[in-house]
Each structure stands twice: as structure tokens, then as C-alpha cells.
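# Topology and contacts: notes
For reference, the chains in residue letters:
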Number of protein chains: 2
Amino acid sequence: MTEAGTMYIPTLEDMLEARRRIAPYVHRTPVLTSRILNELTGAQLFFKCENLQKAGAFKARGASNAVFGLLDEQAVRGVATHSSGNHGSCLSYAAGRRGVPCTVVMPRTAPQAKKDAVRGYGGRVVECEPSLSSREAVFAEVVAETGAEFVHPYNDPRVIAGQATCSAELIEQVDELDAVVAPIGGGGMVSGTCLTLSNLAPKVRIYAAEPEQADDVYRSFKAGHIIADDAPNTVADGLKVPLKDLTWHFVRNHVTDIQTASEQEIVDAMKLIWKRLKIVMEPSSAVPFAAILKNPTTFAGRRVGVIITGGNVDLDNLPWN
Amino acid sequence: MTEAGTMYIPTLEDMLEARRRIAPYVHRTPVLTSRILNELTGAQLFFKCENLQKAGAFKARGASNAVFGLLDEQAVRGVATHSSGNHGSCLSYAAGRRGVPCTVVMPRTAPQAKKDAVRGYGGRVVECEPSLSSREAVFAEVVAETGAEFVHPYNDPRVIAGQATCSAELIEQVDELDAVVAPIGGGGMVSGTCLTLSNLAPKVRIYAAEPEQADDVYRSFKAGHIIADDAPNTVADGLKVPLKDLTWHFVRNHVTDIQTASEQEIVDAMKLIWKRLKIVMEPSSAVPFAAILKNPTTFAGRRVGVIITGGNVDLDNLPWN
């Protein structure tokens, strides 16, 4: 265990323990390749398909690690979080597998499909107003009432250790990677990637990709301290949340560079991956490939892992329609 | 080798030889599962994802076997076919890998994307009028001019032996299957499935699934002889073609039953697979799952392989939009 102030930084041992713990509850997702996408970029691309993960997102890893790491006496009181995205449904999935209660606080304005996903795995949705103050007040009530364990979507060492299992698989599936590119919102996946690669494959460069219209990580990285966006708006709706102290620690210390892509570049990259790899994935998952297309000299001639983070998209509202 | 009249019936040895021959040119495609789809059907479903195959369809297997089985003196003259679907682009793919010419005769009214796919792999498109007589006349000219080897989309033992490699992989990837369901148009995939399973796993039941609106195989199977549809129209556009003598041989001798699904059932099944398995696939590939949903008692409690045949779909014209 490593302490940095009051912040517990998850370690390689935490990742290895997470891997053993969550193995029964998550998929070892496949890695896909495309000759045509390789020719287009001049790189050798290896797409790690977490859209094919349980509950449709890598967040099943971190959520499962948090839920199955609880002592029985904690677990009976259940888990709770606030999320209008994949973390909510993935936490509900993991809690359902353990058979313990899960409460997700969500703005009443969140898409019906997101609420249905939480409930589909057996979780409870508690609605709040779409404001930070309402969310915090409602969430505090939930915890007071249930005694549930709070599992933050990303700023939680258990969650990061779980996400870190993804790149542990990737480096077993693909030899001699030169780089990995992952999308960044709050930084949970990127932090997990940093945790694993800095220990097990320290020569692999780690790039984080984000929307130009939500480029808080890019600006934080240049500034040397966390900067949050003011009401970002992007088609990559999983990437709007800011860094927190734990994820900033990993980004600052282990990420080689931050790359950004425009909305149109993200949508074009998304459609091209759907067409060529034949997979359904979220706009957020297209940002790394958009960045690779935009920065060919960084990646040409290299073996590059690309994390496809999730596949939960509204098929009735595709962004190119 | 087995002879049945003048018709050469491909054998297990042909499949094994195909498997060695095409290994460098095709993917061993993954098998995906979904707890939610299992709960919905009461069966254990194993989706064999040929939509993730090279060129986006299982037809890369048969085409590669035909192309790489040619003697050098044949191969230099190239290959030719008539197809407005996946066989044309897959033959072009295989010819491109061997570096020999490929000509595909296609109605001038065929979708631009289909023509582009053939050309994208280096093949030549020769247009004909959208009639059988024009197609035959133009195709005869092409062969006379080039001396190219004709590779039929399905009524060809080399093609069937290639398609047969798919279920050889499937039974290695999944133990103790009770049944396999594949879509049927001309019958190439189903014939290959019959070839492999009747030899290597004879207890596995084989079901063929087709659109109600193109139910020629259903009617042929009941009648005991080939019946062709008169201008069938279905969203499952890969399944409009009729059986031929070689594929009829396999269907008649080895298929347990033919099941059909309506247009709406096909589209609903397609959308549900996209949503749950996070894969892009063609309407034709949804017909088996539609049949499973429609015939729950046939499959409940069983371990069922489901062949997802291809992923080449127009993302700008999805059938639920």
C-alpha cells in the first residue's frame, strides 16, 4: 500500500487481487483487428472490446471489484452511487450478482434507457433534480437511510484496480505494444491503464483521448493542476466528468500526452469503426481512434492498443442520423 | 471423394484441407454469449460471430478455399462470379490476397456500397441489366474474355468445404452443443454446417431459419424437391436466392427442420442482438435468433449455436429507422 497524503493509491497487488476476485463475473473481452483500418492509419491497431464486457462497459470490472471486495457485514447494507451513465448500471449488475441492494441516484431528466438499465439488473433508481446540490442532498439521504457503501464512479482505488485488469489482459493478448490509447472523462480507465502498464510494461506509452468540447484533461495536463470544464457538451457523453485527485495522480505521473478530437471527427471515427469492425459502441469509445486518425505521425509504424470502452448507445438516435 | 450422379459432394477431408488452406486468410471468429438473451429464451445461446470475419462475412471462408485451391496456371487467369452480395466482395478479398484478378458481374441497380466493396479489395465490377438473361450473357462474355474460373456463391463443393470450417471451430469453442441454427438462402452455410456436424458431431441437430417472405426452403423441405421463390422480397436480402442441387443434397439429408420468421420478427431480433451483444450484423443474420424466440419449446434448456453470418449493413438505412 502506498499513501499520498490521505489518498490511497492502488497498487499492482490490488490489480492482481481484483483480477482474481472479478474473474467469475466479467468477460475476458476479445481483441479485434482490421487490415483496412491499419492501412488507413499506417499503424497496427488492436481494439480491446470492452463494449462486449458484461453490462456493456469496462465499468463492470471496477464495480465488481468494489462489490465483491466488501465484507459480508458491509455488503448486506448494499452499495450506492450517483451516475447517469455506465457506472450506475454496472454497479447494479455487480450488486445483482452478489445479491445485495444497489441504489443509484440519477437526475430525473436522465434518459429512460439509463434508468431501465439499472432496474434491469435489479438496482433501485432514486431521482434527484439535475443539479449538484440536489444530487448531494438526495445521495446523503440514501446513505443515511440504508448505510450503503458509496462506490464512486472513478475516484475510488477499488474501482481503479478493477479497471486496471483490462490492460493486464490486453498485454497478454497482444505482444510488444508500443502504445495504448484510451478515452478520458473522469480518468478511471486511464488510471487503471497507468497502474498496470507502469508496473508490467513500462515502455508502453499511454495516450488519453478526449473531445475538444470537453478538454478539461488536456488543459489540466498543460496547466499542471486539475481544471474542470464549465458545462461541457459533447456527443461523447461518457466523457463530460472532471478529474479527481486519485485519477489526476495517475494522469500526471504516467500519461505521455492528451489528444483531442472534434465532434465531427468523433462521429466519423465511430461510424468507420462500426462499419469496419462490425461492433456497436458508444461515441465516447470512438475518441481514441479519432485521435489516431488526427495524429498519424505519432502512431504510424507502431503497435497500438485502442480501448473500446463501452457499447451502450441509443440505437434509435445514432449521431450520424 | 463421393460421387452422386455428376455432382461432387464435398467430404470431411475437403473441410479439413480447407481449414489448413485458408487459415492464414480468415479469422477464427469469437463466440459471444449474453445472460439476458439466455434468460429471454430459456436456452444457452452461443453466437458464432462471422460478422467479425474478414470482409465481414463467412463467405470469406468458401471464397478463400476456392481461390487458394486453384493451381497457379488457373489462378493467373483469375476468378469470376455473379453476386450482388457478400460473395462478390469476399471473392474479391480472397483474390486480392492471392494477387490474382477477380471479376464480379452485378446488376447496374445494385447498391453503390456493394460495388465499392468489390473494388475496395481490388476486384473489377462488370455491370449487367437486372435480369437473369442479361446476367448470364454478360457473365459468359467475362469468362470467354478472361478464362477466369467461375466460383459459384454456394453451389460449389470448394465453397461448401470452406463454409464448413465455421462449425468445425464452433464445436471446438463450445462443448456439448445440442443444436445449431443458421440462416438459409442458397444453403452454402447450412450445407457446410451439415458436412462438418454430420461427421464430427452427429448428435447436434441442425436447424435452418429463413424469412416467411422467402420461404422456398421451408416449402422445398416439406415437398421433398426444390421449389424456388418467385421474386421474394425481404429485409433479409442475403436470403433471397434458391437452393441448388448440391445444397439441396445437404439440406434434405441432414437438416432437422426449417423455421421461419416474419419481417417484423427479424427486425426486432436484429435490434435486440445489436443492443445486447453490441455487434453490427445484417438482417439475414437475425433470422436464427428470431426463429429461436418464436419456437421457445424447441430450444429451451438446450445449448444452441447461432451463426451470425455477416455484418455488411448500410448504417444509413437501418431497418428500424
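Reading guide: rules and limits
Residues numbered from 1 in each chain as written. Chains lettered and ligands numbered in written order. Predicted model: local features only at pLDDT ≥ 70, side-chain atom pairs only at ≥ 80, totals over all residues. Heavy atoms only, no water. UniProt positions renumbered as here; feature names shortened; annotations may be inferred. Helix = DSSP H or I, 4+ residues; strand = E, 2+ residues; numbered from the N terminus. Buried < 20%, exposed > 50% of the residue type's maximum accessible area, 1.4 Å probe, protein only. Pairing = 2+ DSSP bridges. Right-handed = clockwise from strand over helix to strand, strands pointing away. Phe/Tyr/Trp six-rings, centres within 6.5 Å; stacked < 30°, edge-to-face > 60°. Expected span 1.5 Å × (residues − 1). Contact = heavy atoms within 4.5 Å. Least-squares fit on C-alpha atoms with pLDDT ≥ 70 in both. Buried area = accessible area lost by both parts, 1.4 Å probe. Salt bridge = Lys/Arg side-chain N within 4 Å of Asp/Glu carboxyl O. Polar contact = N/O pair within 3.5 Å; in protein donor to acceptor, adjacent residues only side chain to side chain.

## Some remarks on unusual backbone geometry
Despite not being glycine, Glu176(A) shows a phi value in the positive range, around 55°. Residue Ala231(A) is not a glycine yet carries a positive backbone phi of 50°.

## Things to note about the UniProt feature "domain: Tryptophan synthase beta chain-like PALP" (unreviewed entry) in chain A
The sites that UniProt annotates as "domain: Tryptophan synthase beta chain-like PALP" (unreviewed entry) are residues 23-310 of chain A. Annotated as 48% helix and 17% strand, the span residues 23-310 of chain A places its first and last C-alpha atoms 19 Å apart.

## Topic: the pairing of strand β6 (residues 102-107) of chain B
All names here are of chain B. In terms of burial, β6 is largely enclosed, as 5 of its 6 residues are buried. The pairing of strand β5 (residues 79-82) with β6 spans 4 bridges and is classified as parallel. Among the inter-strand pairings, His 82 is bridged to a residue of β6, identified as Val 105. Each parallel crossover has a hand, and the one from β5 via helix α5 (residues 86-98) to β6 is right-handed. Two strands pair when backbone bridges link them, and β6 and strand β7 (residues 124-128) are joined in this way by 5 bridges, in the parallel orientation.

## Some points on the packing of aromatic side chains
Residue and element names in this part refer to chain A. The tally for this structure, following the rule as stated, stands at 13 aromatic pairs over all chains. Pairing Phe 47 with Phe 289 gives two aromatic rings, centres 6.0 Å apart and planes at 65°, and the pair type is edge-to-face. Here Phe 289 lies in helix α13 (residues 283-294) and Phe 47 lies in strand β4 (residues 44-49), a separation of 242 residues in the sequence. For the pair formed by Phe 47 and Phe 289, the shared burial category is buried. Considering the side-chain rings of Tyr 207 and Phe 299, the 5.1 Å spacing of their centres and the 70° angle between planes classify their relative orientation as edge-to-face. Taken together, the residues Tyr 207 in strand β10 (residues 205-211) and Phe 299 in helix α14 (residues 296-299) connect sequence positions 92 residues apart.

## Observations regarding helix α5 (residues 86-98) of chain A
Between its first and last C-alpha, α5(A) extends 18 Å over 13 residues, near the 18 Å set by a 1.5 Å rise per residue. Those residues of α5(A) lying buried are Asn86(A), His87(A), Gly88(A), Ser89(A), Cys90(A), Leu91(A), Ser92(A), Tyr93(A), Ala94(A) and Ala95(A). Summarising the contacts, the buried residues of α5(A) are in contact with α3 (59-68), β5 (79-82), β6 (102-107) and α6 (112-120) of chain A together with α2 (35-41) of chain B. Residue Gly99(A) follows α5(A) closely and has a positive phi angle near 80°.

## Examining the relation of the copies chain B and chain A
Structural alignment of chain B on chain A gives an RMSD of 0.0 Å, achieved by rotating through 180° and translating 0.0 Å along the axis. The operation mapping one copy onto its partner corresponds to a two-fold rotation axis. Measuring from the rotation axis to each C-alpha of chain B, the shortest distance belongs to Ile279(B), at 2.1 Å. Counting the interface residues of chain B, we find that 100% of their copies in chain A are interface residues as well, pointing to one common contact surface.

## What to know about the sheet that holds β5(A)
Each strand in a sheet pairs with its neighbour through backbone hydrogen bonds, running either in the same direction (parallel) or in the opposite one (antiparallel). Spatially, β7-β6-β5-β8 (chain A) is the arrangement adopted by the 4 strands of the open sheet, whose pairing is parallel. Each edge of the open sheet carries a strand with a single partner, namely β7 (124-128) and β8 (149-150) of chain A.

## Description of the interface of chain B and chain A
Taken together, the contacts link 27 residues of chain B with 27 residues of chain A. Both sides together, the interface formed by chain B and chain A hides about 2,100 Å², and carbon and sulfur atoms give 57% of it. When residues of chain B are sorted by the area they lose upon contact with chain A, Arg35(B), Lys278(B) and Leu315(B) head the list and together hold 31% of the total. Of the charged contacts in the structure, one is a salt bridge between Asp316(A) and Lys271(B), with a shortest N-O distance of 2.7 Å. Taken together, the links from chain B to chain A amount to 10 residue pairs in polar contact (both at pLDDT 80 or more).

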